[in-house]
Every structure is written in structure tokens, then in C-alpha cells.
Amino acid sequence: MKIHEIERHQAQPEKLEIVLHLDASLFWFQGHFAVQPLLPGVAQLDWVMHYATTLLAPGYRFHSIQNVKFQAPLLPETTVTLVLEWHAGRKMLTFSYLRHDGAERHTASSGKIRLCQ
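On a predicted model such as this, the values are computed, not experimentally measured, just so you know.

Peer 1: Can you lay out the UniProt feature "domain: ApeI dehydratase-like" (unreviewed entry) in the chain for me, pointing to particular residues and giving the numbers?
Peer 2: Following the UniProt record, the feature "domain: ApeI dehydratase-like" (unreviewed entry) maps to residues 10-111 here. For the annotated span residues 10-111, helix accounts for 16% and strand for 48% of the residues, and the straight-line distance between the end C-alpha atoms is 20 Å.

Peer 1: Talk me through the side chain of H21; I want residue IDs and the actual numbers.
Peer 2: Mapped onto the elements of the fold, H21 is located in strand 2 (residues 15-22). Overall, H21 belongs to the buried group, its relative accessible area being 17%.

Peer 1: Now, about the nonpolar core: what can you tell me, with residues and values included?
Peer 2: Among soluble globular proteins, nonpolar side chains are generally buried collectively. The biggest cluster of nonpolar side chains holds 28 residues, and the ones touching the most others in it are V48, L82, L84, L93, F95, Y97 and L115. Of all elements in the fold, only strand 2, helix 1 (41-56), strand 4 (78-87), strand 5 (92-101) and strand 6 (104-116) reach the threshold of two or more residues within this core. Dropping the residues within four chain positions of it, L93 is found in contact with V48, A52, L56, L84, E85, W86, G111, K112, I113 and L115.

Peer 1: Explain the pairing of strand 1 (residues 4-12) to me, and be specific about the residues and the numbers.
Peer 2: Bridge count between strand 1 and strand 2: six bridges; the pairing is antiparallel. Opposite Q12, over in strand 2, you have K15 as the bridge partner. Linking strand 1 back to strand 2 in an antiparallel pair, the connection comprises two residues.

Peer 1: Can you tell me about the pattern of salt bridges, naming the residues and giving the values?
Peer 2: According to the stated counting rule, one finds three salt bridges in the structure shown. Residue E5 is joined to R8 by a salt bridge in which the shortest nitrogen-to-oxygen separation is 2.5 Å. On the basis of relative accessible area, E5 is assigned to the partly exposed category, the value being 28%.

Peer 1: Account for helix 1, naming residues and giving values.
Peer 2: Residues lying three or four places apart along an α-helix face the same way, a consequence of the helix completing one turn every 3.6 residues. The end-to-end C-alpha distance of helix 1, which contains 16 residues, comes to 21 Å, matching closely the 22 Å that a straight helix rising 1.5 Å per residue would cover. Turning to helix 1, its buried residues are A43, Q44, L45, W47, V48, M49, Y51, A52 and L56. Turning to helix 1, the residues buried within the fold contact strand 1, strand 2, strand 3 (61-70), strand 4, strand 5 and strand 6.

Each value, and the rule that gives it
- Residues numbered from 1 in each chain as written.
- Predicted model: local features only at pLDDT ≥ 70, side-chain atom pairs only at ≥ 80, totals over all residues.
- Heavy atoms only, no water.
- UniProt positions renumbered as here; feature names shortened; annotations may be inferred.
- Helix = DSSP H or I, 4+ residues; strand = E, 2+ residues; numbered from the N terminus.
- Buried < 20%, exposed > 50% of the residue type's maximum accessible area, 1.4 Å probe, protein only.
- Core = buried A, V, L, I, M, F, W, Y, C linked by side-chain atoms within 4.5 Å.
- Contact = heavy atoms within 4.5 Å.
- Pairing = 2+ DSSP bridges.
- Salt bridge = Lys/Arg side-chain N within 4 Å of Asp/Glu carboxyl O.
- Expected span 1.5 Å × (residues − 1).

This is the structure:
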């Protein structure tokens with residue numbers, strides 16, 4: 001199953017918010033881990049790069065990770081907002097995954113990725 005995208009918000013050309021539902025049948029949850037599946041960091045970074053290079057910074061590609069912090073697990077059947085911000089002058093992409101806990105949102109992971117052409 002593909003990523004279940006609920007909605008997108010792009011009020012500014014350099015900032016994008018995507019609301020995603022993490023369906024339990026996603027490939028990424030299989031075998032990671034048997035007792036409590038969680039979305040691997042590599043999947044989170046893959047989605048960041050997919051949306052960033054498709055919608056915010058076409059023609060750019062991954063250069064290096066400046067920092068990344070995984071603060072809370074992303075579990076199956078949760079809703080998250082992926083926030084991307086492209087700083088073209090510095091060729092820097094910032095991201096965060098915000099977990100929806102009722103009406104509140106809590107940062108599950110965040111980081112900075114340098115892109116190049």
C-alpha cells in the first residue's frame with residue numbers, strides 16, 4: 001500500500017504541510033518490529049526527500065544530513081503532519097513529523113538536510 005495522504009497545505013512556495021495516515025498495512029511496518037511495529041527513520045527520510053524534490057525543490061537531490069532527531073515513535077494507524085521548509089539560499093531543507101494526539105500535535109522527529117543540484 002502507498003502512503004495515505006489526507007491533505008496538503010502550501011500557503012507559501014517554500015513551505016509545505018502534508019497530513020498523512022500511517023496505515024498498518026504499509027510495507028515499512030512489516031518486520032520492523034514484531035512486538036510493536038514502528039515507522040523506520042529511513043522511511044521517514046525517504047518520504048521527506050520524495051515530497052521535497054517533487055514539490056519544493058525540483059532538480060535538487062540529497063547531499064547530506066545536517067542533523068536528525070527521532071524523539072517519539074511513529075506507530076501504525078496514527079495521523080501525522082509532515083512539515084517541510086525549503087531555504088533555497090542555503091540549500092537547506094528542514095523537516096518535522098508532528099504526531100496528532102487528539103487536538104494536540106507533538107514532534108516525533110525533525111532535522112535538516114542539505115540538498116545539491
